[in-house]
Amino acid sequence: MVEAQLCDLQDEFICLLCVETLTDPVSIPCGHSFCLKCLKDCWDQSQECCCPQCKENFATRPVLRKNTVLNEVVKKLKTATSSPSPPALSQNYASPGDVKCDACTGKKFRAVKTCLTCMASYCQTHLQPHFEIAAWKDHKLTDPDGNLKEKFCAKHQKCLEIYCKTEETCICLMCGMTEHNHHEMVALEAEREEKKNQMDETMNEIDRRLEDREKKLKELRRAMEQMKISVERELEENENSFTDLIRCIEEGHRKLTERIREQERKEMEKAEGVVKGLEKEIEELKRRNAELKELSETKDNVHFLQTFSSLCVLPADGDSLRFTATADFSSEELRKELSCLIKGLEKISQWEIRTWTPSGCETQNFTLWPLEPQSREEFLRYFCPLTLDINTAHRRLCLTEGNKKVTHEVSVTEYPDHPDRFDFWPQVLCREALTGTRCYWEVEWGGNSGRIGVTYKGLTRKGVGEECRLGCNVKSWSLFCSNSQYFAHHNDRQTVICSHYSPRIGVYLNWPAGTLSFYSVSHTMTLLYSFKTSFTELLYPGFGLGPDSSVMICHL
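Predicted, not measured: the structure shown is a model, and the values here were computed from it.

*Asks:* Run through the state of the cysteines, naming residues and quoting values.
*Replies:* By the definition in use, this model includes 0 disulfides. Here Cys49 is not cross-linked by a disulfide; its sulfur's nearest cysteine counterpart is in Cys50, at 7.3 Å. For Cys49, a relative accessible area of 13% corresponds to the buried category. Cys164 carries a free sulfur, and the closest cysteine sulfur to it, the one in Cys175, is 9.7 Å from it.

Here you go:
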């Protein structure tokens, strides 16, 4: 049974160099095996050291040692097949995935070699003439290949042996001498080596991208886990807060109800005491009235006169007539407080989630924020008092009204030298730094023109360049106002705004959301322009004034 199995495996122990059963078999690093002598002769005759089967190159010539286990198997195979049989009988028939022998008739054996000269594949038996017939010994043999048509020129029926770099295609020798005569051509092996280097670079780039994406994937998954934990923690805190709020509301409701009922009980007790007194007085008066009526009808004058004095003297009125019952119980103040609470809860239910990137951080936070204000009353909730910084004021600007108003004067004010002072553009900044919150302020402006805006502290103060001018660089944003038109300025980009003249401008800064909005303030709030960006530093409100112009920071 074992001998039969070894016979079936005879083709697996064939040396592809001599096409005979392995003698003194050796295995090389790529895993293929050959006869020791055949492999030495092959490598001695070649400048390259590569596997004759898979063509894998070796930087240094491997040390050849006999494979003792494989050698014993081959010996047993030779013993089992000591009685010679035709080579074809020990071969395997071609399976569905194998290359079939083109010379076999009937049921075909598996091909062991493909001849590029004959353009055919052969089993071990039909390949033998290529080693015995002198004219066939020069034929080019390769591993079995079922796609021979791809390796031959359709026009000349010649083997594709050259690569045309000009047209990036494989060609035969005839094509190289005719259509591709003046093109750049190289051997297939040389082009393969070059393409292999490109492929290695591509694979390295793929590895780099895979590493980057796997790293990003880990970061995203970690962020998702952290966000899930954060959301659960936030939901738990909100649940606890609202549970406490509901408990507080219920407790307040219970206590208030008890107080109202207690007051009701006290008032009712007072009223019931007065009711009893009144009922007693009514009964007494009715009795006295009946006695007087009876006395008035008597005919006995003596009895009448003797009794009259005692019956006509009425008892003094008690305090019951001065008691006033409260028929209406009012809780107007309570209803006002509850109404405010209800409105506050309704606003909380309308809060929205926004993305906020804190300064100096790469990660984004999702934060609950109230909806943007709509009415002026809502804007005024974020009112921020501002004061002009005299150390930044240009010498032609005069500060008054407790440093709330600035006017562009013809004369020069003798301000002391200061590194923060604007020396060319008539501008001034505020002392207050704004960051991480929402702020609102209003200004009244008049005259020819003016600039209203915000800037980072790093705005250049010295010189005539645009890097010093409010709104004309990457560090500042401004609204330019004139009697006829408005302009939004940032990074030397100008946007024309069509709107009616308004002497009062409202400025709304939502630092976390990255918005800076300008409004025309009258009986309504009209949006003039809104910048959308991502603020990364402290912001300072600032103003620039044209000739004979002024700006007043409104006290709200």
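The rest of the description comes next.
*Asks:* Outline unusual backbone geometry, listing residues and values.
*Replies:* Look at Asp24: it is not a glycine, yet its phi comes out positive at around 50°. Positive phi, normally seen in glycine, also occurs at Glu168, with a value near 55°. Residue position: Glu168 is located in the loop between strand S8 (162-164) and strand S9 (169-171).

*Asks:* Kindly report on the layout of surface pockets, identifying the contributing residues and their values.
*Replies:* A water-sized probe, rolled over the atoms, reveals where empty space remains. Approximately 1700 Å³ is the volume attributed to the largest pocket. Along its surface, the largest pocket is lined by 39 residues, and Lys55, Lys140, Leu141, Thr142 and Glu189 are the ones closest to its centre. When residues of the lining of the largest pocket are traced back to their parent elements, those giving at least two are helix H2 (36-44), helix H5 (129-132), strand S7 (141-142) and helix H7 (188-296). With 6 residues, the top contributor of residues to the lining of the largest pocket is H7. For the lining of the largest pocket, the residue count by class is 17 nonpolar, 6 polar and 16 charged.

*Asks:* Lay out the pattern of salt bridges with the relevant residues and their values.
*Replies:* Applying the stated criterion to the full structure yields 25 salt bridges. Between Lys155 and Glu179 there is a salt bridge whose closest N-O contact spans 2.3 Å. Residue Lys155 is located in the loop between S7 and S8, and its partner Glu179 is located in the loop between helix H6 (173-177) and strand S10 (185-187); the two are separated by 24 residues in the primary sequence. Residues Asp212 and Arg208 are paired through a salt bridge, measuring 2.7 Å at the closest nitrogen-oxygen approach. Taken as a pair, Asp212 and Arg208 lie in helix H7 at a separation of 4 residues, close to a single helical turn. Judged by relative accessible area, which is 36%, Asp212 ranks as partly exposed. Each of Lys165, Glu191, Glu194 and Lys195 takes part in salt bridges that share partners, so that together they form one network.

*Asks:* Can you explain the packing of H7 against helix H9 (residues 332-349)? Please cite residues and give values.
*Replies:* Two elements in contact, H7 and H9, have axes whose closest approach is 14 Å; the angle formed by their N-to-C orientations is 165°. Put simply, H7 runs roughly antiparallel to H9. Crossing geometry of H7 relative to H9 is assigned as left-handed. For the pair formed by H7 and H9, the contact residues are Phe242, Leu245, Ile249 and Leu256 on the first element and Leu334, Leu341, Leu345 and Ile348 on the second. Residue classes in the contact of H7 with H9 are distributed as 8 nonpolar, no polar and no charged.

*Asks:* Could you give me a rundown of a nonpolar patch on the surface, with the residues and numbers involved?
*Replies:* Taken together, the side chains of Phe242, Ile246, Ile348 and Trp351 make up a nonpolar region of the molecular surface, amounting to roughly 370 Å² of accessible area. Relative to the elements of secondary structure, Phe242 occurs in helix H7. Relative accessible area serves as the criterion here: at 40%, Phe242 is assigned to the partly exposed category.

*Asks:* Please set out the nonpolar core residue by residue, giving values where relevant.
*Replies:* Of all hydrophobic cores here, the largest spans 38 residues; its most connected members are Trp441, Ile505, Leu516, Phe518 and Phe543. At 4 residues, strand S16 (residues 438-446) tops the list of elements feeding residues into this core. If you look at the next biggest cluster of nonpolar residues, it comprises 17 residues, including Phe13, Val26, Phe34 and Cys51.

*Asks:* Lay out the sheet that holds strand S14 (residues 405-408) with the relevant residues and their values.
*Replies:* Sheet architecture is open: 7 strands sit in the order S13-S14-S25-S16-S21-S22-S23, paired in antiparallel fashion. Taken across any chain shown, the strands that pair with only one partner, and hence form the sheet edges, are strand S13 (397-400) and strand S23 (525-532). Looking at each pair of strands side by side, their axes are set apart by 20° on average, direction ignored. Pairing of strand S22 (residues 515-521) with S23 involves 7 bridges; the strand directions are antiparallel. If you follow Phe518 over to S23, its bridge partner there is Tyr529.

*Asks:* Tell me what's going on with the packing of H7 against helix H8 (residues 301-312), and back it up with residues and numbers.
*Replies:* As a packed pair, H7 and H8 sit with axes 10 Å apart at the nearest point and diverge in direction by 160°. In terms of axis orientation, H7 runs roughly antiparallel to H8. Helix-helix and strand crossings are classified by hand; for H7 and H8 the assignment is left-handed. Taking contact as the criterion, the partners of Arg288, Glu291, Leu292, Leu295 and Ser296 in H7 are, on H8, His303, Phe304, Thr307, Phe308, Ser310, Leu311 and Cys312.

*Asks:* Describe the sheet that holds strand S15 (residues 427-429), naming the residues involved and giving the relevant values.
*Replies:* Strand-to-strand pairing in sheets goes through backbone hydrogen bonds, with the strands running parallel or antiparallel. Overall, antiparallel pairing links the 6 strands, which are arranged S15-S24-S17-S18-S19-S20 in an open sheet. Edge positions in the sheet fall to S15 and strand S20 (493-497), since each has one partner strand and no second. The average angle at which neighbouring strand axes cross in this sheet is 20°, direction not considered. Two elements, strand S18 (residues 476-482) and strand S19 (residues 486-490), share 5 bridges in a ladder whose sense is antiparallel. Along S19, the bridge assignment pairs Cys481 with Tyr486.

Rules of the game
- Residues numbered from 1 in each chain as written.
- Predicted model: local features only at pLDDT ≥ 70, side-chain atom pairs only at ≥ 80, totals over all residues.
- Heavy atoms only, no water.
- Disulfide = S-S within 2.5 Å.
- Buried < 20%, exposed > 50% of the residue type's maximum accessible area, 1.4 Å probe, protein only.
- Helix = DSSP H or I, 4+ residues; strand = E, 2+ residues; numbered from the N terminus.
- 1 Å grid on protein atoms, 1.4 Å probe; cavity = no way out; pocket = protein on both sides within 12 Å on 5 of 7 lines; lining within 4 Å.
- Points joined across faces, edges and corners; volume = space filled by probe spheres on them.
- Nonpolar A, V, L, I, M, F, W, Y, C, P; charged D, E, K, R; others polar.
- Salt bridge = Lys/Arg side-chain N within 4 Å of Asp/Glu carboxyl O.
- Axes fitted to C-alpha atoms, helices over the stretch in contact; angles between N-to-C directions.
- Parallel < 35°, antiparallel > 145°, perpendicular 65-115°, else oblique.
- Left-handed = near helix turned anticlockwise from the far one by under 90°.
- Contact = heavy atoms within 4.5 Å.
- Patch = residues over 30% accessible without salt bridge, like charges linked within 9 Å, V, L, I, M, F, W, Y side chains within 5 Å.
- Areas by Shrake-Rupley, 256 points an atom, 1.4 Å probe, with all protein chains shown as cover.
- Core = buried A, V, L, I, M, F, W, Y, C linked by side-chain atoms within 4.5 Å.
- Pairing = 2+ DSSP bridges.

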